[in-house]
Amino acid sequence: MEMKTKVHAEEGKQELHITREFDLPVELLFKAYEEPGLIEEWMGTKVLKLENKDHGAYRFETSDTSGNVVFSANGVIHEFKPNRQIIRTFEMENTPFPVQLEFLEFEKLTENTSKLNILMVFKSGADRDQLLKLPFAKGINMAHDTLQKIVNKTR
Amino acid sequence: MNLRRDVFQAIADPTRRAILLLVAAQSMTAGTIAANFNTARPTVSKHLHILTECELVKPEQNGREIYYHLNPKKMKEIAEFIEPFRKMWDDRFNKLESIMKNYKSKK
């Protein structure tokens, strides 16, 4: 099966590229980034604040099944161009990770298909590599959460 | 020399990446590896030292010669770094796609 989402991280560089083609018109793809309710659904996080405008800001928060906050992040929206581009910063709260800069480009391919190009720029190459190592632990946590849910259901 | 070099630093250098490609095809002595490059033999030795330190290549004594070969386990670790990250985004985007397809049909 072809991998729909591609991640490109060149050795020694402090940037990371993510690309993905969607079976969606670009307007719908953008909407998934624009509406808090939709972001909450696909990102699996709570949207506490989202100001979709130049010089706006946002804040996300994720809780586990018991309601403890396990993840929170925030950033400033530098530029917001509907159906075209979002430039924003991203910082995970209560972690040693420095803020990163994100360029999100929404590209129309056909009437019903679109492409998302994300460029993430990190403070250093080492910071990028640290972040890449993260999902290992996160994957375990998520698996743990799923397990917890199943356990709770069977009680 | 910094003993705590990490793998990413090791593969950041184009010569070291070329060495990895060479020894991936077959094990070689330092001399044979050096013969493939325009750089001086001590430079190649230095690169081999770094690659060995990071366990990307493994030296093996064979008679009087030392052959270097690729450590596939360590190479896989590099790919494995990126894969969970890619998978996480792939899962998220799959979800986004299906949510928005529903969204469209509801309208």
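Look up: the structure comes first, before these words.
Everything numeric in this text was worked out from a predicted model, so none of it was measured.

## Concerning the environment of Tyr68 of chain B
Residues and elements named next belong to chain B. Following the sequence through the fold, Tyr68 ends up in strand 3 (residues 65-70). Taking the C-beta count within 10 Å as the criterion, Tyr68 has 23 such neighbours and is therefore assigned buried. Leaving out residues up to four positions away in the same chain, Tyr68 has contacts with Val23, Ser27, Met28, Ala30, Ile33, Leu48, Val57 and Pro59.

## Here's the deal with helix 2 (residues 14-25) of chain B
Residue and element names in this part refer to chain B. Along its 12 residues, helix 2 runs 17 Å from first to last C-alpha, staying within 8% of the 16 Å computed at 1.5 Å per residue. When we look at burial in helix 2, the residues that qualify are Arg16, Ile19 and Val23. All buried residues of helix 2 fall inside an arc of 55° around its axis, so they share one side. Facing away from the buried surface of helix 2 by more than 90 degrees, the exposed residues are Pro14, Leu21 and Ala25.

## Considering the interface of chain A and chain B
Across the boundary between the two partners, chain A contributes 25 residues, which contact 21 residues of chain B. Of the residues forming the side of chain A that touches chain B, the biggest block, 6 residues, is contributed by helix 3 (residues 125-154) of chain A.

Cut-offs and rules
- Residues numbered from 1 in each chain as written.
- Chains lettered and ligands numbered in written order.
- Predicted model: local features only at pLDDT ≥ 70, side-chain atom pairs only at ≥ 80, totals over all residues.
- Helix = DSSP H or I, 4+ residues; strand = E, 2+ residues; numbered from the N terminus.
- Buried ≥ 20, exposed ≤ 12 C-beta atoms within 10 Å, placed from the backbone.
- Contact = placed C-beta atoms within 7 Å.
- Expected span 1.5 Å × (residues − 1).
- Arc of directions from axis to C-beta.

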